Amino acid sequence: MQAHQPTSQRESIFNNEVISRFELYNSLFLTLPFYKVKDTGTLLPLFIKSCEEGVKNHETPAKLIERFFEKYTPNTDSQEIIDLLFRFIQYIERQVVLFDAVEDASFNKLNVSDEQSSLRALFLKANDDQKLHEKVDQLIEEFSLRLVLTAHPTQFYPGSVLAIINDLTIAIRENDISTINQLLQQLGKTPFFNKKSPTPVDEALSLAWYLENVFYFAAANIQSGLNQLLNEYHIDPKKIIELGFWPGGDRDGNPNVHPETTLQVSKMLRQILFRCYYRDFRNLKRRITFRGVEDTISILQDVLYKNAFDSNLEPKDISDFLITNLNKIKGILTADHDSLFVDLVDDLLRKVELYRSHFASLDIRQDSRILRDVHAYCRQQKPINALFNEDYDQLPEADKLKALSFRNAKIIYSGEQDSLVQDTLQTIAQIKEMQQSNGEKACHRFIISNCQQASDILQLIELFLWNGWEADELSIDFVPLFETVNDLAGADEIMETLYTHPFYQKHLASRGRKQDIMLGFSDSTKDGGYLMANWSIFKAKVNLSKVAEKHKVKLAFFDGRGGPPSRGGGKTHRFYASMGKEIANKNIQLTIQGQTISSQYGSIDSAEFNIEQLINAGISSGVKEKHNVLLDTENYDTLEIMANDSYESFLALRKHPLFLAYLQTLSPLSLLSKITISSRPVKRNAGEDLKLEDLRAISFVTSWSQLKQNIPGFYGIGTALKNQEKAGNWAQVSKTYQQSGYFKTIIDNCMMSMSKSDFEITAYLAKDKKFGAFWEILHQEFELSKSMLLKLAGHQSLMENYPVEKRSIAVREKIILPLVLIQHYALEKLQHPLNEAQRQAYEKLAIRTVYGIVNAGRNLA
């Protein structure tokens, strides 16, 4: 690695603990007894150097790679070249894992919690301030954090590899060279990827690894520290953390999710949880060997064992039973045995109180257009057909709402049901079964994606009432998901209609007047570009908060955030810390997906750190109750103009005749459907010609990241800033940047996204006859955005204020440079006539590089 002069203690730690260790352990690969690994290990450094020189000279990947093989392995045929490139890829994939493990092993040294913004610091400040004390008490009572794990196809590693990474991290932390050597050998021999695409249940099982090995402990540890703190200040314990789960419940655009899938995942989550409980209980039983508790211990042993291992057991929610008996044991230990080992009981009690019988709430999600079709199907059945006119679908929205009667009915189904109708109706019935088995929290939210009108929600409620649910027992929260720029702009009107609707008012009252609203970052970015997406979501949150406050509704925003800034990722906690009092922020809910899961929640230490950051951000924001300066006229108007300029720039790019062709030809977009990492298709309307509107946001963002251009993460922001400078408004933009933590976070995340871009790699395209001019458009906006952002921040380089993160990105980008060039080489070969064997070989080569590039980026997709 290139020498780098540290400028801070944290950088020194990074160089010593991460860079030096990585170089040391990476050298162990040279001695590993794998097939031709010595040749690979010897040639790879030469190949990396050749790649760097070729990029500097703007050579095409084909010329660069062919020149390398002519120089170092002459007389090599095309198949042998492909074989060696595959070995390079396998080697680099494991280098990425090693770097991850080394970095994770140093996590606690590199990341120190900000004591000034911690809950304890807030309580200390409140000691001498009665008003502040009351405010903190109230916030603790109202605050919650819900982390929802989603099955997006950028978390590649199977459980076997995750376990190796976990063990390798521990061994590196302890400098256990012998174990490290063995684990590296195991890593080299363990397959990284599946030969066939996973089913939704496979995805759920893979993601459940994090629930079982990370969140089960991390969330309980956070809750323990919180309970201890509250106890010191004589405040009753308050459950703050909730877990959610999408694999098996999210059927939007995934034809492979069926009712039996959802039921199977619900049962799986329960079984994994009870095995965790049973594991803890055995430790407890080994210590609590006193008189007076034998019968209770015996009862719990029998119940926990059966729930953990007996697949024939009729499941039911036994969390209250467990809590009662654990409290009974605790009481006896306190009264008769000097509270010996009461901490073990408290630990298990805390976990049962957190996870009950379900572990994580399984969310159901379906597209509004599908749900409208199901409603239309049911309206044709007896006795429902007597309640509606045939022209219902053509009615204006106001007339539709008047036509809805919310009557309970038992439909007499006749004729065939298509698969999506059948899935929806069976799932509605099964939710009740899951609630009875695992408790209401096991499955209590139905998310309506692409929600465009109030009837999308109210019609779904009717579907519940027609399929076994009673209005006064409707233990379901209906969650609209607003995604596109237009939908976000009209969201407050839709919620106003719902809050004033008589039936929905009654339903809200039965749910404690709590309303969750999901906002989609990914599709809004694909739709309107980075700045417009962030600005649209900010405005929607402000307007939705106003409407909720007006109707005394307890609003929670559920943010559909992906890994990269272009999909709502990046420095997420900074967004929540800078919301201001005008935005509902007492219940933070967000998705965790892709590389964000492994990079930020991959170990107990990192999960605890990031959960604490989110909690501190939410509560400190609530305590300060600062006015959000972006709502001041001069700031608001400036951002409004900038967002629109950015949007126009991004829209012009999207409408360029070569936009989709560029992406399909030069990125692996057209091959993503062949990658065996996801049960979900790359695009909606599979089988039809690719249209941008059908392309999933994750595929869109992933493709640009593979090109090392990250267009969705910055495009248009340079134009917007330059226009402000030309208009003589730069002083106002700078003032907004200095005053607004929210705007500053948008800018910081944009710079992070740009730091993972490298137009030098594709600079050879400037001379391309077809795409040269289009590449120049992208490159010019990148350079403009870079210069304007640096001017705004007063920096000399991107991410200057995050030197360790910047260094980490630079190392990772260096590791995977050969993968990027191998991918471009393979894609270029696929543009020429090939026989079927050659085509398959180059496709496999291109596909295989995707894994390592995304894994190294950690939040690229």
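Described below are features of the structure shown in this document. Predicted, not measured: the structure shown is a model, and the values here were computed from it.

**Considerations on the overall build of the chain**
Looking only at helices and strands, the chain has 35 helices and nine strands in total. Taken against the 2.2 N^0.38 rule, which gives 29 Å for 861 residues, the C-alpha radius of gyration of the chain at 28 Å falls within 12% of a compact globule. Oriented by its inertia axes, the alpha-carbon framework of the chain measures out at about 75 × 70 × 65 Å. In the chain, which comprises 861 residues, the proportion classed as buried is 60%. Residue pairs in contact within the chain that sit at least 24 positions apart in sequence constitute 81% of those at least 6 positions apart. Summed over its atoms, the accessible surface of the chain is roughly 34,900 Å², and 48% of this surface lies on carbon and sulfur atoms. When the 99 basic and 108 acidic side-chain charges of the chain are each reduced to a single mean position, those positions are 2 Å apart.

**Structural notes on the sheet that holds strand E6 (residues 477-482)**
Paired through their backbone hydrogen bonds, the strands of a sheet run either parallel or antiparallel. The sheet built from nine strands is open, its strands ordered E3-E2-E1-E9-E8-E7-E6-E5-E4 with parallel pairing. Each edge of the sheet is formed by a strand with only one pairing partner; in this case those strands are strand E3 (361-362) and strand E4 (364-367). Helix-sheet contacts for helix H26 (residues 604-624) involve strand E1 (144-149), strand E2 (241-245) and strand E9 (587-592), and the interaxial angle to E1 is about 140°.

**Re the pairing of E1**
Burial analysis of E1 places six of its six residues in the buried class, which makes it a mostly covered element. The side-chain alternation of E1 yields two buried faces, one formed by Ser144, Arg146 and Val148 and the other by Leu145, Leu147 and Leu149. Pairing analysis gives six bridges linking E1 to E9, with the strands arranged parallel. Directly across from Val148, in E9, lies its bridge partner Thr591. As paired elements, E1 and E2 share five bridges and run parallel to each other. The residue of E2 that forms the bridge with Leu149 is Phe245.

**A word on the pattern of salt bridges**
Per the stated rule, a full pass over the model turns up 38 salt bridges. The partner of Asp423 in a salt bridge is Arg251, with the nearest N and O atoms 2.9 Å apart. Placement of Asp423 in helix H17 (residues 419-438) and of Arg251 in the loop between E2 and helix H11 (259-287) is noted, with a sequence separation of 172 residues between them. In this pair, the class of Asp423 matches that of Arg251, namely buried. For Lys541, the salt bridge goes to Asp559, with nearest N and O atoms at 2.9 Å.

**Side note on the packing of aromatic side chains**
What the rule picks out here adds up to 42 aromatic pairs. A ring pair is formed by Tyr216 and Tyr277, whose centres lie 6.4 Å apart and whose planes are at 50°; its orientation type is tilted. Residue Tyr216 is located in helix H10 (residues 200-232), and its partner Tyr277 is located in helix H11; the two are separated by 61 residues in the primary sequence. There is no split in this pair, since Tyr216 and Tyr277 are both buried. A connected cluster of aromatic rings, assembled from ring pairs, spans Tyr216, Phe217, Phe274, Tyr277, Tyr355 and Phe359. Across from the ring centre of Phe388, 5.8 Å away, lies the NZ or CZ of Arg379, which sits over that ring. Just above the ring of Trp469 sits the side chain of Lys432; from NZ or CZ to the centre is 5.0 Å.

**Brief notes about unusual backbone geometry**
Put simply, Lys382 and Pro383 share a cis peptide bond, and its omega is -5°. Looking at the secondary structure, you find Pro383 in the loop between helix H15 (368-379) and helix H16 (397-403). Even without being a glycine, His58 presents a positive backbone phi close to 60°. The topology assignment puts His58 in the loop between helix H2 (37-56) and helix H3 (61-72).

**Here we look at the environment of Lys196**
On the secondary structure map, Lys196 appears in the loop between helix H9 (177-189) and H10. Classification of Lys196 by relative accessible area gives exposed; the value is 65%. When the C-alpha positions of Lys196 and Ile675 are compared, they lie 8.6 Å apart, and in sequence the two are 479 residues distant.

**A few points about the packing of helix H4 (residues 78-105) against helix H35 (residues 836-857)**
The description of two packed helices rests on the angle between their axes and on the distance between the axes. Between H4 and H35, the least distance of the axes is 9 Å, while the angle of their chain directions is 15°. On the basis of the axis angle, H4 is roughly parallel to H35. H4 and H35 meet at a crossing whose hand is left-handed. Contacts from Ser78, Ile82, Leu85, Phe86, Ile89, Gln90, Glu93, Val96 and Asp100 in H4 reach Ala841, Tyr842, Lys844, Leu845, Arg848, Thr849, Tyr851, Gly852, Asn855 and Ala856 in H35. The residue inventory of the contact of H4 with H35, partitioned by class, reads ten nonpolar, five polar and four charged.

**Notes on the side chain of Asp748**
Structurally, Asp748 is set in helix H32 (residues 741-755). At 3.2 Å, the side chain of Asp748 forms a polar contact with the side chain of Tyr802. When sequence neighbours within four positions are dropped, the list of residues in contact with Asp748 reads Tyr737, Asn801 and Tyr802.

**A closer look at the environment of Val293**
Tracing the chain through its elements places Val293 in the loop between H11 and helix H12 (294-309). The buried category is assigned to Val293, whose relative accessible area is 1%. Contacts of Val293, omitting those with residues within four sequence positions, involve Ile288, Ile329 and Ile332.

**Some points on a positive patch on the surface**
There is a patch of like positive charges on the surface, built from Lys239, Lys441, Lys514 and Lys554. Using a relative accessible area of 34% as the deciding quantity, one classes Lys239 as partly exposed.

**Quick look at helix H31 (residues 730-739)**
For H31, the full list of buried residues reads Trp730, Gln732, Val733, Thr736 and Tyr737. Buried residues of H31 fall within an arc of 160° about the axis and therefore sit on the same side. In H31, those exposed residues whose orientation departs by more than 90 degrees from the buried face are Ala731 and Gln738. Taken together, the buried residues of H31 touch helix H27 (633-654), helix H30 (717-726), H32 and helix H33 (772-793).

**Here we look at the pairing of E2**
With respect to burial, E2 is a largely interior element, four of its five residues being buried. Sheet topology places E2 next to E3; two bridges connect them, and they run parallel. Looking at E3, one finds that Phe245 is bridged to Leu362.

**Focus on the environment of Lys514**
Tracing the backbone through its elements, the reader meets Lys514 in strand E7 (residues 514-520). Placed 38 residues apart in sequence, Lys514 and Lys552 show a C-alpha to C-alpha distance of 9.4 Å.

**Thoughts on the packing of H3 against helix H34 (residues 803-829)**
For the pair H3 and H34, the least separation of the axes is 8 Å and the interaxial angle reads 110°. Relative to H34, H3 is oriented roughly perpendicular. Contact residues: H3 offers Pro61, Ala62, Leu64, Ile65 and Glu66, while H34 offers Leu821, Ile822, His824, Tyr825, Glu828 and Lys829. Partitioning the contact of H3 with H34 into residue classes produces seven nonpolar, one polar and three charged.

**What to know about the side chain of Gln435**
Relative to the assigned elements, Gln435 resides in helix H17. Within polar-contact distance, the side chain of Gln435 engages the backbone oxygen of Cys443 at 2.9 Å. Leave out the neighbours within four places in its chain, and Gln435 touches Glu440, Cys443, His444, Trp469, Ser475 and Ile476.

**Looking at helix H13 (residues 319-336)**
For H13, which comprises 18 residues, the first-to-last C-alpha distance of 26 Å matches the rise-based estimate of 26 Å (1.5 Å per residue) to within 8%. All of the buried residues along H13 are Ser319, Leu322, Ile323, Asn325, Leu326, Ile329, Ile332 and Leu333. Structurally, H13 contributes buried residues whose contacts are with H11, H12 and helix H14 (342-355). Following H13 by one or two positions, Asp338 has its phi on the positive side, about 55°.

Calculation criteria
- Residues numbered from 1 in each chain as written.
- Predicted model: local features only at pLDDT ≥ 70, side-chain atom pairs only at ≥ 80, totals over all residues.
- Heavy atoms only, no water.
- Helix = DSSP H or I, 4+ residues; strand = E, 2+ residues; numbered from the N terminus.
- Rg over C-alpha atoms; globule rule 2.2 N^0.38 Å.
- Buried < 20%, exposed > 50% of the residue type's maximum accessible area, 1.4 Å probe, protein only.
- Contact = heavy atoms within 4.5 Å.
- Areas by Shrake-Rupley, 256 points an atom, 1.4 Å probe, with all protein chains shown as cover.
- Lys, Arg positive; Asp, Glu negative; His and termini not counted.
- Charge placed at Lys NZ, Arg CZ, Asp CG, Glu CD.
- Pairing = 2+ DSSP bridges.
- Axes fitted to C-alpha atoms, helices over the stretch in contact; angles between N-to-C directions.
- Salt bridge = Lys/Arg side-chain N within 4 Å of Asp/Glu carboxyl O.
- Phe/Tyr/Trp six-rings, centres within 6.5 Å; stacked < 30°, edge-to-face > 60°.
- Lys NZ or Arg CZ within 6 Å of the ring centre and 35° of its normal.
- Parallel < 35°, antiparallel > 145°, perpendicular 65-115°, else oblique.
- Left-handed = near helix turned anticlockwise from the far one by under 90°.
- Nonpolar A, V, L, I, M, F, W, Y, C, P; charged D, E, K, R; others polar.
- Polar contact = N/O pair within 3.5 Å; in protein donor to acceptor, adjacent residues only side chain to side chain.
- Patch = residues over 30% accessible without salt bridge, like charges linked within 9 Å, V, L, I, M, F, W, Y side chains within 5 Å.
- Arc of directions from axis to C-beta.
- Expected span 1.5 Å × (residues − 1).

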